[in-house]
Amino acid sequence: MKQHTYLMKLLVTFIFLFSLTVSLAHSPFQDKYRSHRVKQGETVYSIAKTYNVSENEIYKLNPDARGGISSNSILIIPSSDVINAASQEIKFKKHKVRRKETLYSIARKYNVSEDDIKKYNKHLYSKGLKKGEKLQIPISLAKTETVTVVSNNTSEASNNYATHVVAAKETKYGIARKYGISIAELDDLNPNLPENFPIGTELKVPKTSVTTSATIEEESFDFYEVQPKEGFFRLKVKLGLSQEEIVALNPYAKDGLKDGMILKIPKESTDSSPISEKIDLENAISNRDPKRLALLLPFQLKSATDSIKANTELIKNNRTMRIALDFYSGVLMASEFLKDKGISVELNVYDTEGSAAKTTAIISRNDFSSIDAVIGPLLSKNVERAASDLKSKDVPVFSPLSNRSIKLTSNLFQTLPPDSMLEKAMIEYLKENSEGKNVIVICDGKKAKQKTALMEAIPEAISIAPREKGFLYVVDIEEKIDKTRENWVILESEDPVILSNVIGLLNGMPETHQIRLFTTDKNENYDYHDVSNVHLANLDFTFPSISRTYNFDEKNAFLVSYKNKYGVLPNRFAVRGFDLTYDILLRLASSGNVYDASNNDYETEYVENKFNYQKKMFSGYRNNAFYILKFNKDLQLEVVK
């Protein structure tokens, strides 16, 4: 009965999405793009000739086609209007509005029209400028062989400014630091400055430098850009550096910090997250403007039919589709919750079909410039593609379900902590709390790296390796047990046979042995049918996790609302959809944008997930919040840390 109710919930969500897709089937974008189903024997060259476009234009919208095309695959074909428009390459520059600036003065500064600025900042059609807000300024770039950015006003340059020629290993951060200016000021002096300028580029800079070099000792130090309203006290909390330590590394900071100042700081030495203040963003709402989100998920609606029975079977047999629909149901609930706070939410939903090419086509065919945040796609390679495509518009992209290592561009938010962070955090917890315990480390051959890290952290630990056939006898462990104190056993393996073997042996030992089980990696093999949760609970099994498990007895508002709407309790993907989306919406409601909201060092927590974003140097944002959980005797997961 419960399974039937769950499938009905997904079917209702699926039908809603399918009808939405049909109702939007004809849009202005259809006049700009068309789809082509590849016939047998066709090539990209022949298709390009058929539609009178270049092969390169087809590859731009269908990157996967470079590896070859097959019969019945779908290609997105641009119209000639789109190609003509694209031939004028438009890039964007971010402008932070200063006091007394007007739309007219900003337009003159960048040599664009006021309408051009409004086009890419649509709120300006109905509202005026606000000091501190960030605008997207469209800039046409002429393609030239050599990048040279100098002032046309030679007298001004000779009196107040100099020319800096970019040398090997120099970066934008290093050059800004050398001349005591912010990145924004360097950009203002050089409006057409490319993101990665080549050696030999000439830049306009202040005549006087404050440091001797624009390079940095990469092994030991990083650059840090001072955020608005940050002082020495705030940096002490955030970076762990005193005012004296900061000034010693950056002498020009002795007169005080300013917004955008570039500081040299010691490089991060650990992946573990600092202790952050926990806050409730529902109590911090100050921006009640409508919020616009885009959701990119692999719904795979092209597989849908008019038959309810066929669609039910489709959902039942397609795990990716079920995950997308579950996640989407949580997103919808988060939107409803914010609407209850009096803030409207516009949700733009797109079906990526799990394809990188389709993701690129969606972004190419739609205007994302006024979108506050993009959630998705699911796959790491598609998230990277979306973030790269939207970077020029500075649209934030949130990776919702993958904690694999991804290339963090400046607009990309990695919302799941990586496994390496969980592992280091668990080892640190064991190191801090193992004093007086008899620590036994059991590792198989594939976990040599983890064994080394554990033995370095706890030198007095005893190590046990499985026998040649990959298992242990009770005597192997029994002889290492200390009957006079608590025994902490750390088990490191992804082999279900070893896991069930060791857990079974430990569970069969007398209670007087005082055994507690730990791991740095609770992988999927702990769900192996021979591994009993009762045994894990008996051993107070403790492990790191990206999320906790909700308890319905708490009567959380989301759980109750979800059960009332869908007739079933939400699974972890639905909860994840709610937690992530509600956090993004509340960050937008508490600040001007998610970048500003994520520059503050605080932690938020919802039903099963918590978030504490930290900006990575020269890249994007990573969630550093996680849990350490323990199975208690009631078979419930208890938060240890």
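**Q** Help me understand the overall build of the protein chain, please; the structure alone is not making it clear to me.
**A** Along its length, the protein chain carries 23 helices and 26 strands. For the protein chain, buried positions account for 48% of its 641 residues. Sequence separation of 24 or more characterises 70% of the internal contacts of the protein chain that already satisfy a separation of 6 or more. Just so you have it, the protein chain exposes about 32200 Å², and 48% of that area is on carbon and sulfur atoms.

**Q** Mind showing me how you'd approach the pattern of salt bridges here?
**A** Two side chains of opposite charge can pair, provided their charged atoms sit close to one another. All told, the structure shown has 19 salt bridges when counted by the stated rule. For Glu494, the salt bridge goes to Lys447, with nearest N and O atoms at 3.5 Å. Of this pair, Glu494 sits in the loop between β18 (487–492) and α19 (496–507) while Lys447 sits in the loop between β16 (438–443) and α17 (448–457); the two residues are 47 residues apart in sequence, bridging distant segments of the chain. Take Glu494: its relative accessible area is 46%, and that puts it in the partly exposed class. Of the residues examined, Lys447 reaches a relative accessible area of 7% and is grouped as buried. Its salt-bridge partner being Asp521, residue Lys447 comes within 3.2 Å of it at the nearest N-O pair.

**Q** It is not clear to me how the sheet that holds strand β14 (residues 397–399) should be interpreted in this structure. Could you clarify?
**A** Working definition: the strands of a sheet are paired by backbone hydrogen bonds and lie parallel or antiparallel to each other. With mixed pairing, seven strands are arranged side by side in an open sheet as β12-β11-β13-β14-β15-β24-β23. Two strands in the sheet have a free side with no partner beyond their single neighbour: β12 (345–351) and β23 (613–615). Mean inter-strand twist for the sheet, computed between neighbouring axes without regard to direction, equals 25°. Two elements, strand β11 (residues 291–297) and β12, share seven bridges in a ladder whose sense is parallel. Across the sheet, Arg292 pairs through a bridge with Glu346, a residue of β12.

**Q** Sorry if this is basic, but what is going on with the packing of helix α13 (residues 319–340) against helix α22 (residues 572–590) here?
**A** The description of two helices packed together rests on the angle between their axes and the distance between the axes. At their nearest, the axes of α13 and α22 sit 7 Å apart, and the two run at 40° to each other. Viewed along their axes, α13 and α22 adopt a mutual orientation that is oblique. The crossing of α13 and α22 is right-handed. On α22, the residues touching Arg319, Ile323, Asp326, Phe327, Ser329, Gly330, Val331, Met333, Ala334, Ser335, Phe337 and Leu338 of α13 are Arg572, Phe573, Ala574, Arg576, Gly577, Phe578, Leu580, Thr581, Tyr582, Leu585 and Leu586. Residues belonging to the contact of α13 with α22 are distributed by class as follows: 14 nonpolar, five polar and four charged.

**Q** What exactly am I supposed to notice about the nonpolar core here?
**A** In summary, soluble globular proteins display a tendency toward joint burial of nonpolar side chains. Counting residues in hydrophobic clusters, the biggest one holds 54 residues, and the most contacted among them are Leu297, Phe398, Phe558, Phe578, Leu580, Tyr582 and Ile584. Taken together, the elements giving at least two residues each to this core come down to α1 (2–23), β11, α13, β13 (373–375), α21 (557–566), α22 and α23 (594–598). Look past the residues within four positions of Phe398 in its chain and what remains in contact with it is Ala373, Val374, Ile375, Gly376, Phe413, Thr415, Leu580, Ile584, Val594 and Tyr613. Ile477, Val502, Leu506 and Phe543 belong to the second-largest nonpolar core, a separate cluster that totals 27 residues.

**Q** For this particular structure, what's the right way to read the pairing of strand β9 (residues 262–266)?
**A** In summary, the side chains of a regular strand alternate between the two faces of the sheet. With four of its five residues buried, β9 lies for the most part within the structure. Bridge count for strand β8 (residues 221–225) against β9 is five bridges, and the pairing is antiparallel. Among the inter-strand pairings, Phe221 is bridged to a residue of β9, identified as Pro266.

**Q** Help me understand the side chain of Asn250 in this model?
**A** As for its placement among the helices and strands, Asn250 is situated in the loop between α11 (243–249) and β9. With relative accessibility at 0%, the residue Asn250 sits in the buried group. Apart from the residues lying within four places of it in its own chain, the contact partners of Asn250 are Arg177, Ile262, Leu263 and Lys264.

**Q** Please clarify how the sheet that holds strand β21 (residues 602–605) should be interpreted in this entry.
**A** Across the sheet, which stays open at both edges, the three strands sit in the order β10-β21-β22 with mixed pairing between neighbours. Each edge of the open sheet carries a strand with a single partner, namely β10 (277–278) and β22 (610–611). Sheet analysis places β10 next to β21, joined by two bridges and oriented parallel. Counted as the bridge partner of Glu277 is Tyr602 from β21.

**Q** What is the right way to look at the environment of Leu61 in this model?
**A** One can find Leu61 in helix α3 (residues 55–61). Taking C-alpha positions, Leu61 is 6.2 Å from Thr360, a pair spaced 299 residues apart along the chain.

**Q** How should I be thinking about a nonpolar patch on the surface in this particular structure?
**A** On the surface, Tyr473, Val474 and Val475 cluster together to form a nonpolar patch covering roughly 260 Å² of accessible area. The partly exposed category is assigned to Tyr473, whose relative accessible area is 43%.

**Q** Would you mind showing me how to read the packing of helix α16 (residues 419–433) against α17 here?
**A** The geometry of α16 relative to α17 is characterised by a closest axis approach of 10 Å and an angle of 30° between their N-to-C directions. Relative to α17, the element α16 is oriented roughly parallel. Where α16 crosses over α17, the two elements pack in a sense that is right-handed. Contact residues: Glu423, Ile427, Leu430 and Lys431 in α16; Gln450, Ala453, Leu454 and Ala457 in α17. Residues of the contact of α16 with α17, tallied by class, amount to five nonpolar, one polar and two charged.

**Q** Whenever I open this one, helix α2 (residues 44–51) confuses me. Can you help?
**A** Helical geometry note: an α-helix holds 3.6 residues per turn, so side chains three or four residues apart project in the same direction. Listed in full, the buried residues belonging to α2 are Val44, Ile47 and Ala48. The buried residues of α2 all sit within an arc of 100° when viewed along its axis, so they share a single face. Of the exposed residues in α2, the ones pointing more than 90 degrees away from its buried face are Lys49 and Thr50. Phi for Asn52, located one or two positions after α2, is positive at around 60°.

Each value, and the rule that gives it
- Residues numbered from 1 in each chain as written.
- Predicted model: local features only at pLDDT ≥ 70, side-chain atom pairs only at ≥ 80, totals over all residues.
- Heavy atoms only, no water.
- Helix = DSSP H or I, 4+ residues; strand = E, 2+ residues; numbered from the N terminus.
- Buried < 20%, exposed > 50% of the residue type's maximum accessible area, 1.4 Å probe, protein only.
- Contact = heavy atoms within 4.5 Å.
- Areas by Shrake-Rupley, 256 points an atom, 1.4 Å probe, with all protein chains shown as cover.
- Salt bridge = Lys/Arg side-chain N within 4 Å of Asp/Glu carboxyl O.
- Pairing = 2+ DSSP bridges.
- Axes fitted to C-alpha atoms, helices over the stretch in contact; angles between N-to-C directions.
- Parallel < 35°, antiparallel > 145°, perpendicular 65-115°, else oblique.
- Left-handed = near helix turned anticlockwise from the far one by under 90°.
- Nonpolar A, V, L, I, M, F, W, Y, C, P; charged D, E, K, R; others polar.
- Core = buried A, V, L, I, M, F, W, Y, C linked by side-chain atoms within 4.5 Å.
- Patch = residues over 30% accessible without salt bridge, like charges linked within 9 Å, V, L, I, M, F, W, Y side chains within 5 Å.
- Arc of directions from axis to C-beta.

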